[in-house]
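Take a look at the letters that make up each chain.
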Amino acid sequence: MSGKTGPVIVVVCAIIAIWYGSAVLLNTAFQKDIYARGNVDWTTSQLITDTLAQERPVLPAPHQVAVELYKTTILTNITSKRSLVYHAWITLSSTLMGFGIGSVLGILLAVGIVHNRSLDKSLMPWIISSQTIPILAIAPMIIVVLNAIGIQGLLPKAFISTYLSFFPVTVGMVKGLRSPETIHLDLMRTYNASNWDLFWKLRWPSSVPFLFTGMKVAIATSLVGAIVGELPTGAVEGLGARLLAGSYYGQTVQIWSALIAAALLAAVLVSLVGVANKVVLKRMGMAQ
């Protein structure tokens, strides 16, 4: 066991153990009620076994979620609306669209803020204050307004993802574009470098590590925005739709499987951004 994977495995095992213990505790009351109604004499071992095998538990056990994930990803055709892969693809589509729009918007805003003092003083406070508005409050308004002008489908959800994802990119890029030291800026000016040269040869290369750091946060928040965007619309497709359907019919195992799928999807997306970060920095000769 390597020094890097050891602590991770220990933490994962601890989480699973706590999860099983919590499942037994939270499901015990309902299981005892079942025993009482059926006049069943039970033992402690039987109680523990039955609390971990309930059809609609308060908290499903890890193996129940794993079985549900296996059924809805491996055993179900990916084109079926019962497939978690199908729903994950719907959510991923709006996530990537919103992430792309948010990244471009964040970069443009950061460039404007760094090079224009008026934008810095007037726009930056509004960008920061925009993130204090709860996304659950603004998402229905975005959906309703866009539907009123005939914009439906992935785009409204992508705009919600954009709303969440542009902020970390903007803040990271502003920090990165301002990261060159004054002595380096003065050296460029002694060579009669134009603002364009300063940007492409000094500010932009210096900002790339900050950009990818912001993009790692942005891709995760973009996924959250896509899922939240599916909730007020009563959508029938996407991970948000799976969460809604599970809550409507009390299918807690379905809810937890969708949550785990969303977490795994976010981990994959963040990892891909991290890989892109290493590749780009290596090509630029900035690999650490």
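As the structure is a computational prediction, the values presented were derived from the model and not from experiment.

Q: Could you give me a rundown of helix α10 (residues 239-248), with the residues and numbers involved?
A: Across the 10 residues that make up α10, a large majority, 7, are buried. Buried-residue contacts for α10 involve α3 (62-73), α4 (84-115), α9 (195-230) and α11 (252-283).

Q: Talk me through the pattern of salt bridges; I want residue IDs and the actual numbers.
A: Scanning the model with the defined rule gives 6 salt bridges in all. Residues lysine 157 and glutamate 230 are paired through a salt bridge, measuring 3.3 Å at the closest nitrogen-oxygen approach. With lysine 157 in helix α7 (residues 154-177) and glutamate 230 in helix α9, this residue pair connects regions lying 73 residues apart in the sequence. The exposure class assigned to lysine 157 is buried, which follows from its relative accessible area of 8%. Overall, glutamate 230 belongs to the buried group, its relative accessible area being 0%.

Q: Mind laying out the side chain of glutamine 54, listing which residues take part and the relevant values?
A: Along the chain, the position of glutamine 54 falls in the loop between α2 (44-51) and α3. Residues contacting glutamine 54, with those up to four places away along its chain left out, are Asn27, Phe30, Gln31 and Gln64.

Q: So what's going on with unusual backbone geometry? Residues and values would help.
A: The backbone of asparagine 39 sits at a positive phi, close to 50 degrees, despite the residue not being glycine. Looking at the secondary structure, you find asparagine 39 in the loop between α1 (5-38) and α2. Under the relative-accessibility criterion, asparagine 39 is labelled exposed at 69%. Residue asparagine 192 is not a glycine yet carries a positive backbone phi of 60 degrees. Among the structural elements, asparagine 192 can be located in the loop between α8 (182-190) and α9. Judged by relative accessible area, which is 69%, asparagine 192 ranks as exposed.

About the thresholds
Chains are numbered independently. Their residues run from 1 in the order of the written sequence. Local features in a predicted model are, by the rule used here, given only for residues with pLDDT of at least 70; side-chain atom pairs are given and counted only at 80 or more, and totals for whole chains, interfaces and linings are based on all residues. Only heavy atoms go into the side-chain values, all of them from the structure, while hydrogens and water stay out. The classification of residues rests on relative accessible area computed with a 1.4 Å probe and restricted to protein chains. Under 20% of the type maximum is buried, over 50% is exposed, and intermediate values are partly exposed. Per the convention used, a helix needs a DSSP run of H or I reaching at least four residues, while a strand needs a run of E reaching at least two, with both numbered from the N terminus. Any pair of residues with heavy atoms lying within 4.5 Å of one another is described as a contacting pair. We define a salt bridge as a contact between a side-chain nitrogen of Lys or Arg and a carboxyl oxygen of Asp or Glu at a distance within 4 Å.

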